[in-house]
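# Survey of secondary and tertiary structure
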Amino acid sequence: MSRTTRLSSSLLRVAAVTGVAALTLTACGSGSGSSSSSSGSGEVKVGLITKTDTNPFFVKMKEGAEKAAKENGAQLSTAAGKFDGDNAGQVTAIENMVAAGVKGILITPSDSKAIVPAIEKARAKGVLVIALDTPTDPESAVDALFATDNVKAGELIGEYAKAAMKGKTAKIAALDLAPGVSVGVQRHEGFLKGFGATDKDVVCAQDTGGDQAKGQTAMENCLQKEPDINVVYTINEPAALGAYTALKAKGREKDVLIVSVDGGCTGTQAVKDGKIAATSQQYPLKMAAEGVKAVVTYAKDGKKASGYTDTGVTLISDKAQDGVTSKDTAYGLESCWG
């Protein structure tokens, strides 16, 4: 879908006054959406901006925010980028939400550095800004961060992969996110640390945007470059499933170890089915719920959330490795999302 026409700032002010500001948020990009969990002039207005509205992780995050808003008597507006990396769309979303009078904004930054000026403008107007899942660069650009410890998530699958290789020489492919996104950098570096490797040990690295089709293409490219790849690190489970599809087409799906991060229900089922060896499960519902509660608290008593809150991560695999703490897919499917 093409990006919808951006509204002028004057029109946005009119929309806010007439109570239809949530509708203007569709101007953030063709992947964006908006909703209001409740209505009423006395309610706290909270904004949620995700990278996309198609990735199951962000769909579940939105559901968590909607539920928390309803439970806490808040009015929620949501928006998303057209694609993972759509910084311009997120900037527009921030501007629209500030014009609509939100008390706080929860955001998963598509570009950790480029989004900072827009966040600073919002905070200067008294809006509480909390990053979810992905930290800004610098992290202090927001009031608080509620997120998975992405370095730890990467370390867990790195340690697992190292143990599963049982001393065999590893030829590693890294299917990453995109330049400038801190969550991708942290997971990548965490994986290498856990594996005891460096970027020199990575025989092929490709960006996927966390997309399944791009993950498949990236894996195909890596197999052309280095046919003997035997370990594949992936930024998330959609990219992992894309890699699996490419490997299966070459008859390599049983002799290449794929590890990932997310813990969505589809990805966890893929672990159970043997397509992915292990994944680090994170918890978007908790991130969103805690974020909404923090905005409501700020609106009511002026207390600002601050610093980093770790929302947890668990290694999921049905093939436990000595020295690596993990839980099986029965636990993972009970705790998954999407």
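Everything that follows concerns the structure shown earlier in this document.
What comes next concerns the included structure. (Residues numbered from 1 in each chain as written. Predicted model: local features only at pLDDT ≥ 70, side-chain atom pairs only at ≥ 80, totals over all residues. Heavy atoms only, no water.)

## Quick look at the packing of aromatic side chains
Where we set the bar: Ring pairs shown here join Phe, Tyr and Trp side chains whose ring centres sit within 6.5 Å, with only the six-membered ring taken for Trp; geometry is labelled stacked below 30 degrees between planes, edge-to-face above 60, and tilted in between. Relative accessibility thresholds used throughout: buried, under 20% of the residue-type maximum; exposed, over 50%; partly exposed, between the two (1.4 Å probe, protein chains only). The rule is short: NZ of Lys or CZ of Arg within 6 Å of the ring centre and within 35 degrees of the ring normal puts a charge over the ring.
Tallying each qualifying case throughout the model produces four aromatic pairs. Pairing Phe57 with Phe58 gives two aromatic rings, centres 5.3 Å apart and planes at 90°, and the pair type is edge-to-face. Both residues of the pair, Phe57 and Phe58, count as buried. Site record: aromatic cluster; members linked through ring pairs are Phe57, Phe58 and Trp337. Cation over ring: Lys327 sits above Tyr331, and NZ or CZ is 5.0 Å from the ring centre.

## Focus: the pattern of salt bridges
The test is simple: A pairing counts as a salt bridge when a side-chain nitrogen of Lys or Arg comes within 4 Å of a carboxyl oxygen of Asp or Glu. The numbering of helices and of strands both runs from the N terminus, where a helix is a DSSP run of H or I of at least 4 residues and a strand a run of E of at least 2.
As enumerated under the stated definition, the model contains 10 salt bridges in all. Note that Lys304 is salt-bridged to Asp143, the shortest N-O span being 3.8 Å. With Lys304 in the loop between helix H11 (284–301) and strand E11 (307–310) and Asp143 in the loop between strand E4 (128–132) and strand E5 (144–147), the pair connects residues that are 161 residues apart, well separated along the chain. When salt bridges that share partners are traced, they join Arg123, Asp143 and Lys304 into one network.

That is the geometry; function is a separate question.
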